[in-house]
Amino acid sequence: MSRKVYVVEAYVPNGGTYMAYHVARVLHLDFGCEVFVLTDNPDLDKGHAHGMFSYEPLFPCLPLSKASTIVRNQDVLICNPSFSAHNFGLKVRGTKIMYIQGFTTFSVLDRFFDHYVSVGNFTHNFLKNIYDLESTIIPAFLENAPLESPAKQSPSDWSQRRPFSLTLNLKGEVSYLLLSRLREILKTKDRNLEVSIDWDGAIKAAQTRKIHKEFISTIAASRYLLTLSVAEGFGLVPLEAMAVGTVVMGFDGFGGRDYMVTGKNCAVCPYPDVLGVAEQMIKVIGDTNYAQTLSALGIKTAARYNYKTFRKAWIAKLSRILCDKPIA
């Protein structure tokens with residue numbers, strides 16, 4: 001019998017589920033597996049939009065509630081840790097793979113999966129320290145589309161963007177509170193900088209993002225990205241900003257430390273150093289030569305996180321997994 005692959009809620013519009021979709025896609029393209037998306041959303045197979053990302057191919061959907069009866073011993077289940085409350089590790093047969101890309105999306109990790117893969121060093125260490133769990137590290141990747149323009153990008157292109165132009169990366173109420181505090185600090189330290197930034201436009205853009213490519217275009221039109229998301233397993237948005245030559249400021253989100261180096265390719269601080277964020281903003285925005293250097297080096301950093309590398313790593317990992325459990 002052929003092996004089938006089931007990926008949990010692959011069409012939920014966030015980076016973690018999008019990466020899970022691509023793990024399933026590798027199994028489809030490189031291992032010949034038939035793939036299905038398990039979902040609670042009954043409209044996805046009725047021609048409705050599949051979120052902010054583009055999917056090729058578009059895998060058919062099946063009810064998430066039937067996972068325990070659908071998945072057979074020879075099949076593969078791919079899941080994000082945010083769905084740990086479903087307890088698939090205890091309910092579902094087959095080979096269960098969890099791709100850990102966050103550490104705040106679950107209260108207790110489902111520890112009954114067969115294989116765990118971490119997106120970076122922070123999530124790897126989190127699993128080790130909290131759950132005494134070892135995991136392979138396979139970083140996320142950036143879409144090829146955003147990388148097409150960075151390949152041609154140069155610091156001179158950056159200088160053509162509007163001065164003080166800024167895109168915000170906000171996540172949760174705390175980000176808005178931090179933004180308010182940051183603006184208060186900037187008013188006392190550099191009033192001219194605070195009033196020169198179009199905060200209202202940046203907030204509106206952050207609140208209305210729907211289509212991924214449109215959001216990347218917004219970032220690419222700005223000189224700076226201010227990321228106030230405080231806790232990320234990896235943090236794709238800042239890396240996407242680097243890819244289009246936009247200078248990243250704000251918090252490193254913990255997981256971003258795998259690729260963010262202040263003064264080398266960005267200007268970030270560890271949470272909760274909001275004063276440090278303000279000081280970095282003043283330094284970067286006040287020195288265009290420095291900012292252009294960070295822009296150019298950020299492009300080089302982002303180029304390392306490409307789909308070819310992601311696919312190669314997952315082919316190697318999945319080959320080992322499937323060899324351990326051949327089809328009966």
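So, here is what we can say about the structure in this document. As the structure is a prediction and not an experimental result, all values here were calculated from the model. (Residues numbered from 1 in each chain as written. Predicted model: local features only at pLDDT ≥ 70, side-chain atom pairs only at ≥ 80, totals over all residues. Heavy atoms only, no water.)

1. Brief notes about the pairing of strand E5 (residues 95–100)
Part 1 of the argument: With six of six residues buried, E5 lies mostly within the body of the structure.
Part 2 of the argument: Residues Thr95, Ile97 and Tyr99 point to one face of E5 and Lys96, Met98 and Ile100 to the other, with burial holding for every one of them.
Part 3 of the argument: In terms of strand pairing, strand E4 (residues 76–79) meets E5 through four bridges, oriented parallel. By the bridge assignment, isoleucine 78 is partnered in E5 with isoleucine 97.
Part 4 of the argument: One ladder, built from four bridges, connects E5 with strand E6 (residues 115–118); its direction is parallel. When the bridges of E6 are listed, methionine 98 appears paired with tyrosine 116. (Buried < 20%, exposed > 50% of the residue type's maximum accessible area, 1.4 Å probe, protein only. Helix = DSSP H or I, 4+ residues; strand = E, 2+ residues; numbered from the N terminus. Pairing = 2+ DSSP bridges.)

2. Overview of the sheet that holds strand E9 (residues 224–227)
Part 1 of the argument: Taken together, the four strands give an open sheet; going across it, the order is E8-E9-E10-E11, and neighbouring strands pair in parallel fashion. Edge positions in the sheet fall to strand E8 (166–169) and strand E11 (267–269), since each has one partner strand and no second. Along the sheet, successive strands turn relative to each other by an average axial angle of 15°, direction set aside.
Part 2 of the argument: As judged from the three bridges shared by strand E10 (residues 247–251) and E11, these two strands associate in the parallel manner. Note that in E11 the partner of methionine 249 across the bridge is alanine 267. (Axes fitted to C-alpha atoms, helices over the stretch in contact; angles between N-to-C directions.)

3. Brief notes about the side chain of serine 229
Part 1 of the argument: Note on placement: serine 229 falls in the loop between E9 and helix H11 (236–243).
Part 2 of the argument: Look at serine 229 and you get buried, because its relative accessible area is 3%.
Part 3 of the argument: Among the polar contacts made by the side chain of serine 229, one reaches the side chain of glutamate 232 at a distance of 2.6 Å.
Part 4 of the argument: When neighbours within four sequence positions are excluded, serine 229 is seen to be in contact with Asn169, Lys171, Ser175, Phe251 and Gly253. (Polar contact = N/O pair within 3.5 Å; in protein donor to acceptor, adjacent residues only side chain to side chain. Contact = heavy atoms within 4.5 Å.)

4. Considerations on helix H14 (residues 307–324)
Part 1 of the argument: Between its terminal C-alpha atoms H14 stretches 26 Å, which fits the 26 Å expected from 18 residues at 1.5 Å a residue.
Part 2 of the argument: All of the buried residues along H14 are Tyr307, Phe310, Trp314, Lys317, Leu318, Ile321 and Leu322. For H14, the angular spread of the buried residues around the axis is 130°, confining them to a single face. In H14, the exposed positions that point more than 90 degrees away from the buried face belong to Lys308, Lys312 and Cys323.
Part 3 of the argument: One side-chain oxygen of the residue at the start of H14 lies 3.2 Å from the amide nitrogen of lysine 308, identifying that residue as asparagine 306. (Expected span 1.5 Å × (residues − 1). Arc of directions from axis to C-beta.)

5. Re the nonpolar core
Part 1 of the argument: Counting residues in each nonpolar core, the largest one holds 56 residues, and the members touching the most others are Ile78, Tyr99, Phe310 and Trp314.
Part 2 of the argument: Listed by contribution, the elements that provide at least two residues to this core are strand E1 (4–8), helix H1 (15–31), strand E2 (34–39), E4, E5, helix H10 (212–220), H11 and H14.
Part 3 of the argument: Take this core: its biggest share by element is eight residues, from H1.
Part 4 of the argument: One finds Leu186, Leu226, Ala278 and Tyr290 within the second-largest nonpolar core, a separate group that totals 33 residues. (Core = buried A, V, L, I, M, F, W, Y, C linked by side-chain atoms within 4.5 Å.)

6. Looking at the pattern of salt bridges
Part 1 of the argument: For the structure on display, the rule yields ten salt bridges.
Part 2 of the argument: The closest approach of N and O atoms between arginine 183 and glutamate 194, which form a salt bridge, is 2.7 Å. Here glutamate 194 lies in helix H8 (residues 191–196) and arginine 183 lies in helix H7 (residues 173–189), a separation of eleven residues in the sequence.
Part 3 of the argument: Residue arginine 183 is classed as partly exposed on the basis of its relative accessible area of 25%.
Part 4 of the argument: Overall, the relative accessible area of 3% leaves glutamate 194 in the buried class.
Part 5 of the argument: When salt bridges with common partners are traced through the structure, they connect Lys128, Asp132 and Glu134 into a single cluster. (Salt bridge = Lys/Arg side-chain N within 4 Å of Asp/Glu carboxyl O.)

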